[in-house]
There are 2 protein chains.
Amino acid sequence: MIDSYFPHLLIALVALLATAKLLGALAQRIGQPAVVGELIAGVLLGTSLLGLVNPTNPVLHALAELGVLVLLFEIGLHTDLRSLAKVGSQAITVAIVGVALPFGLGYAVSQALGLGTIPSIVAGAALTATSIGISARTLSDLNQLHTPEGQIVLGAAVLDDIVGLVILSVVANLVEGTAVTAGEIAKTSSLAIGFVVAAIVIGGLVMPHVFRLVARIEASGTLGVIGLAFAFLLAWLADEAGSATIIGAFSAGLILHGTPQRQAIEKTTTSIGHFFVPIFFVSVGAAVDIRTLGEPRVLLFGGALIAVGVLGKFVAGFAPFWFNGSKSLIGIAMIPRGEVGLIFAQMGLATGTLTSQLYSAIALMVLATTFITPPLLAMRVRSSAASAESADRPGDGGIDDLVAGTSTYPTQRPQRPQKGRD
Amino acid sequence: MIDSYFPHLLIALVALLATAKLLGALAQRIGQPAVVGELIAGVLLGTSLLGLVNPTNPVLHALAELGVLVLLFEIGLHTDLRSLAKVGSQAITVAIVGVALPFGLGYAVSQALGLGTIPSIVAGAALTATSIGISARTLSDLNQLHTPEGQIVLGAAVLDDIVGLVILSVVANLVEGTAVTAGEIAKTSSLAIGFVVAAIVIGGLVMPHVFRLVARIEASGTLGVIGLAFAFLLAWLADEAGSATIIGAFSAGLILHGTPQRQAIEKTTTSIGHFFVPIFFVSVGAAVDIRTLGEPRVLLFGGALIAVGVLGKFVAGFAPFWFNGSKSLIGIAMIPRGEVGLIFAQMGLATGTLTSQLYSAIALMVLATTFITPPLLAMRVRSSAASAESADRPGDGGIDDLVAGTSTYPTQRPQRPQKGRD
């Protein structure tokens, strides 16, 4: 009977939500972003320790995927395309250098460690894409998402995901032995970029009218739920167009940012996110099999990938040399790798290009870059604040408060002063 | 790869959410409860017509199950145990008569139509439990959940679910040919009832302290998400104790009703419900295979079950003869059958006790009783309102507004006057 898994799902969700919220709160108490607590909650509950949360279970996996879409939709809702465009040249520079450098360095160390050409390409490719989810959530936990640095990171992370997906399709052909033509690369690239442009242009023209009609439905929560449905629609379209679902959800948020219904949409989706988003971060943590990480070869190769992965993205932060803010903050925030890196690793494993040791080494790199970023970024922000440079700029609120910020129950505590929406 | 279903899930959710909200709004515009629109959305999208929503898919099924738990938790949060206890004797009377009469009548007509003893018992048993989800949601759509009549229906529906589950375990033994002893029946009954009593007593002592601690976590949405985790925990415990998950979720709401954190919990869970609850109602509609409903034998047997099913519950509404309000309103609101009826039918089909025709007949009964109740109840309420009896009592707000009521975006329209929480 299809019901037999359901009680187990319930207890997994109970453990997941309670542990994520508890460790998230503890992380904040010791000055770390809440997302660190959620990731650690995942490691504790995951397959290799308590075994309560199995991220490969289809239902939990789907909930986690919905979670990252809700998160990217929320981030898009809070992103003003104009302020993103204002830092466009910087973001493009960070993205290009942040793809090329880690790819080149990753390929070089893999060759140096004795890997063949194609495995070296796969390993290099796995280093290219920053995890938008982890980066944006960490910046938002630290109230930095709406700073120029935060906007550059967001733009660059979206762009390198698009580039990463183009590389993925090229590498997939290479691995399968199919010839790779320049025409194909151009086609994949233009599809992926064209999707975002088309979505924003067409959506920007059509959706304000649609949502003016939706706003006439009186039932509460309708705008938020229809907004979320729109995000899922663009996620699906993005997938069909050969791009990533998260790019579609982010574009949906960008499109609805300027509508008068934004606040109503936000109100409902933020609450829905409180449920879904921790499922994503806990699943990321739960996918870690801490038992495979002890083998010498895994540690050696993983360590090399971590070194070049961190270095490559950190240096990329300094690429827009004309930018006047904190380049090291950008460099640190670009470090975490996530889903796209793991997709490369899984593809490599499935096709036999990577051994299970190389797979573990890439997983170790994803893990390490994800876990070191939040504390490093928190340190960087604190030292900036100490030198009175950036930390408490007014108008930082928005997603920073909404995703993981202050209490919103007026009876509990007074609101933070910067609570006002941008 | 486990991802292959995900794009399909996305487009199913888009179709489901958009159609549910649209048809829900249309239903309201023609004076029907929104839930009618959601059920019809399900029929349209379901397996027998458009095929976009397949309710037996594990992920959608799990989302729908979570949806009914969120709904019951919300209803519990809005239910004052004391006001439920005030109508306790009436609710118990409605429950007892509303179980005995449909069971007896269902058994009798099945025998009259030539069924054997055990199939007749299964058919009768499928008529016993009112669907709390449909009843409560319809009452709330019509602003009637907090009237004495609404409270009696809610209490009776919870009780007859408990009785229905006891009957289910007895019938399951009968069907499998196991001897049924009085001791076993007593054990099953006391487990099911004992669970609710124990949950409310222990939970009522412990949870206020737990939630006072949870309230100290500043991150917004924490109280709501932990509240939901508590509902899932009790749902799981209820299942373990041999009761139903929905009883557990409802009890969790009852327990948290009296805590000072209730409003904060409500705020988040209501928004989460806006997403999950329609998935449940659309799935109920989508399970309808309209192709099997045309066969003469199905129509004959189904028609007989509908007749006795409607009659039995309607008469039960008049059983508390000393009650001073609208007994016909109670009788109508008790009519819808749902999950428990379908579980009986599925069990009968799986064990070979029921033919697929009898199965379709029971499904037809569940369907018909679910679909006729909202318009009948809307008519009844309007005629009461016309005779200035009940419709617009002050203080009706609460779940009525929250589950499917007015807009809550202050910029859109003025609030309804009765918006204040009870």
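Refer to the structure presented above.
Read on for an overview of the structure. (Residues numbered from 1 in each chain as written. Chains lettered and ligands numbered in written order. Predicted model: local features only at pLDDT ≥ 70, side-chain atom pairs only at ≥ 80, totals over all residues. Heavy atoms only, no water.)

1. What about the overall build of chain A?
1) Next: Looking only at helices and strands, one finds 17 helices and zero strands in chain A.
2) Next: Within chain A, the fraction of its 422 residues that count as buried is 62%.
3) Next: Taking as baseline every contact in chain A between residues at least 6 positions apart, the subset at least 24 positions apart corresponds to 79%.
4) Next: Here chain A has roughly 14,800 Å² of accessible surface; of this, 68% comes from carbon and sulfur atoms. (Helix = DSSP H or I, 4+ residues; strand = E, 2+ residues; numbered from the N terminus. Buried < 20%, exposed > 50% of the residue type's maximum accessible area, 1.4 Å probe, protein only. Contact = heavy atoms within 4.5 Å. Areas by Shrake-Rupley, 256 points an atom, 1.4 Å probe, with all protein chains shown as cover.)

2. Comments concerning the relation of the copies chain B and chain A
1) Next: When chain B is fitted to chain A, the best match, at an RMSD of 0.0 Å, comes from turning it 180 degrees and sliding it 0.0 Å along the axis. Taken together, the rotation and translation relating the two chain copies correspond to the operation of a two-fold axis.
2) Next: Mapped onto chain A, 98% of the interface residues of chain B are again interface residues, and the two copies thus contact each other with one and the same surface. (Least-squares fit on C-alpha atoms with pLDDT ≥ 70 in both.)

3. Focus on unusual backbone geometry
1) Next: Despite not being glycine, A:Asn143 has its phi angle at roughly 60 degrees, a positive value.
2) Next: Locating A:Asn143 in the fold gives a position in the loop between helix H7 (132-141) and helix H8 (148-175).

4. Observations regarding the interface of chain B and chain A
1) Next: Of the residues lining the interface, 63 residues belong to chain B; the matching set on chain A comes to 63 residues.
2) Next: In total, about 5,700 Å² of surface goes out of reach between chain B and chain A, with carbon and sulfur atoms giving 71% of it.
3) Next: Run the count over chain B and chain A and you get two residue pairs in polar contact (both at pLDDT 80 or more).
4) Next: Elements that contribute at least two residues to the side of chain B that touches chain A include exactly helix H1 (6-29), helix H3 (58-77), helix H10 (222-240), helix H12 (262-286) and helix H17 (399-404) of chain B.
5) Next: Counting residues per element, the side of chain B that touches chain A draws most heavily on H1(B), at 13 residues. (Buried area = accessible area lost by both parts, 1.4 Å probe. Polar contact = N/O pair within 3.5 Å; in protein donor to acceptor, adjacent residues only side chain to side chain.)

5. Some points on helix H9 (residues 182-214) of chain B
Residues and elements named next belong to chain B.
1) Next: For H9, with 33 residues, the first-to-last C-alpha span of 45 Å sits near the 48 Å given by 1.5 Å per residue.
2) Next: The largest bend in H9 amounts to roughly 40 degrees and is located at Gly 203.
3) Next: Buried within H9 we find Ala 192, Phe 195, Val 196, Ala 199, Gly 203, Met 207, Phe 211 and Val 214.
4) Next: For H9, the elements touching its buried residues are helix H8 (148-175), H10, helix H11 (245-257) and H12. (Expected span 1.5 Å × (residues − 1). Bend = angle between axes of the 7 residues up to and from the residue.)

6. Some words on the pattern of salt bridges
Proximity of charged atoms lets side chains of opposite charge pair with each other.
1) Next: Under the counting rule described, the total for this entry stands at 10 salt bridges over all chains.
2) Next: Here B:Lys313 and B:Asp160 are joined by a salt bridge, their closest N and O atoms 2.8 Å apart. Taken as a pair, B:Lys313 in helix H13 (residues 296-316) and B:Asp160 in helix H8 lie far apart in primary sequence, 153 residues in all. Here B:Lys313 matches B:Asp160 in class, with each residue buried.
3) Next: Each of A:Glu38, A:Arg137 and A:Asp141 takes part in a single network of salt bridges with overlapping partners. (Salt bridge = Lys/Arg side-chain N within 4 Å of Asp/Glu carboxyl O.)

7. Overview of the packing of helix H6 (residues 117-126) of chain B against H8(B)
All names here are of chain B.
1) Next: Packing of H6 against H8 leaves a shortest axis separation of 11 Å and a crossing angle of 165 degrees. In terms of axis orientation, H6 runs roughly antiparallel to H8. Considering the relative orientation of H6 and H8, their crossing is left-handed. Of the residues in H8, those touching H6 at Ile 118, Ile 121, Val 122 and Ala 125 are Ile 167, Val 171, Leu 174 and Val 175.
2) Next: Looking at the contact of H6 with H8 residue by residue, the class counts come to eight nonpolar, no polar and no charged. (Axes fitted to C-alpha atoms, helices over the stretch in contact; angles between N-to-C directions. Parallel < 35°, antiparallel > 145°, perpendicular 65-115°, else oblique. Left-handed = near helix turned anticlockwise from the far one by under 90°. Nonpolar A, V, L, I, M, F, W, Y, C, P; charged D, E, K, R; others polar.)

8. A closer look at the nonpolar core
Within soluble globular proteins, side chains that are nonpolar generally end up buried alongside one another.
1) Next: Counting residues in each nonpolar core, the largest one holds 264 residues, and the members touching the most others are A:Phe275 and B:Phe275.
2) Next: Look past the residues within four positions of B:Phe275 in its chain and what remains in contact with it is A:Val225, A:Leu228, A:Phe232, A:Ile272, A:Phe276, B:Leu13 and B:Leu17.
3) Next: In this structure, A:Val288, A:Leu293, A:Leu364 and A:Leu367 belong to the second largest nonpolar core, which totals six residues. (Core = buried A, V, L, I, M, F, W, Y, C linked by side-chain atoms within 4.5 Å.)

9. Some thoughts on the packing of aromatic side chains
1) Next: For the structure on display, the rule yields 15 aromatic pairs over all chains.
2) Next: Between A:Phe276 and B:Phe275 the ring centres are 5.4 Å apart and the planes differ by 90 degrees, which places this aromatic pair in the edge-to-face class. Separated into two different chains, A:Phe276 in helix H12 (residues 262-286) and B:Phe275 in helix H12 make up a pair that spans both. Here A:Phe276 and B:Phe275 have matching classes, each one buried.
3) Next: With a centroid separation of 5.3 Å and 65 degrees between ring planes, the pair formed by A:Phe314 and A:Phe318 is classed as edge-to-face.
4) Next: An aromatic cluster is present here, built from A:Phe232, A:Phe275, A:Phe276, B:Phe232, B:Phe275 and B:Phe276 joined pairwise through their rings. (Phe/Tyr/Trp six-rings, centres within 6.5 Å; stacked < 30°, edge-to-face > 60°.)

10. Side note on a nonpolar patch on the surface
Residue and element names in this part refer to chain B.
1) Next: A surface patch of nonpolar side chains, amounting to about 600 Å² of accessible area, comprises Ile 193, Val 197, Val 201, Ile 202, Leu 205, Val 206 and Val 210.
2) Next: Residue position: Val 201 is located in helix H9.
3) Next: Overall, the relative accessible area of 47% leaves Val 201 in the partly exposed class. (Patch = residues over 30% accessible without salt bridge, like charges linked within 9 Å, V, L, I, M, F, W, Y side chains within 5 Å.)

11. Let's talk about the environment of B:Pro55
Residues and elements named next belong to chain B.
1) Next: Relative to the elements of secondary structure, Pro 55 occurs in the loop between helix H2 (34-45) and H3.
2) Next: A relative accessible area of 10% places Pro 55 in the buried class.
3) Next: In the structure, Pro 55 is positioned 247 residues away from Gly 302 in sequence and 22 Å away in space, judged by C-alpha atoms.

12. Overview of the environment of A:Ala333
Residue and element names in this part refer to chain A.
1) Next: With respect to the helices and strands, the residue Ala 333 is situated in helix H14 (residues 327-333).
2) Next: According to the relative accessible area criterion, Ala 333 is buried, its value standing at 0%.
3) Next: Considered as a pair, Ala 333 and Pro 58 are 275 residues apart in the sequence and their alpha carbons are 31 Å apart.
4) Next: Other than its neighbours up to four places away in sequence, Ala 333 contacts Thr 130, Ser 135, Leu 139, Val 153, Thr 373 and Leu 377.

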